Amino acid sequence: LENGADIETPSGEYGNALHTAACHSNENILNKVLQKGVNVNLQGSRFGTALQTAAFWGCEDMVIYLLDCGAYINAQGGEYTSALQAAAFNGY
């Protein structure tokens, strides 16, 4: 991040650094990405938002953390449309 990488550019299955950190429950990286000014509700993965990504993978600690950081619980987008549907798909 210190070297000027574009952390909002979508790529790969998880979309961007924010979504990847969320699905791997990496609060340290997530915090660094958010400190760089990335919108916590940034769309860009097959799951829509980082909150939807964390919900899909059952990362309860990340879901709580993202909500505390201002993630919009009713954000629409991605393959499962919402965080609730993403969580329900995998039985969480």
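To be clear, the structure that these remarks concern was listed above.
Residues numbered from 1 in each chain as written. Predicted model: local features only at pLDDT ≥ 70, side-chain atom pairs only at ≥ 80, totals over all residues. Heavy atoms only, no water.

**A look at the layout of surface pockets**
Okay, step 1: Of the volumes computed, that of the largest pocket is approximately 180 Å³.
Okay, step 2: Counting residues per element, the ones that place at least two in the lining of the largest pocket are α3 (50-56), α4 (60-68) and α5 (83-89).
Okay, step 3: Classifying every residue of the lining of the largest pocket by side-chain character gives 10 nonpolar, 1 polar and 1 charged. (1 Å grid on protein atoms, 1.4 Å probe; cavity = no way out; pocket = protein on both sides within 12 Å on 5 of 7 lines; lining within 4 Å. Points joined across faces, edges and corners; volume = space filled by probe spheres on them. Helix = DSSP H or I, 4+ residues; strand = E, 2+ residues; numbered from the N terminus. Nonpolar A, V, L, I, M, F, W, Y, C, P; charged D, E, K, R; others polar.)

**Overview of the side chain of Thr49**
Okay, step 1: Note on placement: Thr49 falls in the loop between α2 (27-35) and α3.
Okay, step 2: Residue Thr49 is classed as buried on the basis of its relative accessible area, which comes to 2%.
Okay, step 3: Ignoring sequence-local partners within four residues, the contact set of Thr49 consists of His19, Asn41, Leu42, Gln43 and Ala75. (Buried < 20%, exposed > 50% of the residue type's maximum accessible area, 1.4 Å probe, protein only. Contact = heavy atoms within 4.5 Å.)

**Some details on unusual backbone geometry**
Okay, step 1: Although it is not a glycine, Ser25 adopts a positive phi angle of roughly 50°.
Okay, step 2: Within the secondary structure, Ser25 is located in the loop between α1 (17-23) and α2.
Okay, step 3: For Thr81, which is not glycine, the phi dihedral falls at a positive 70°.
Okay, step 4: Take Thr81: it is sitting in the loop between α4 and α5.
Okay, step 5: Among the residues examined, Thr81 registers a relative accessible area of 32% and is labelled partly exposed.

These values are about where atoms sit, not about what they do.
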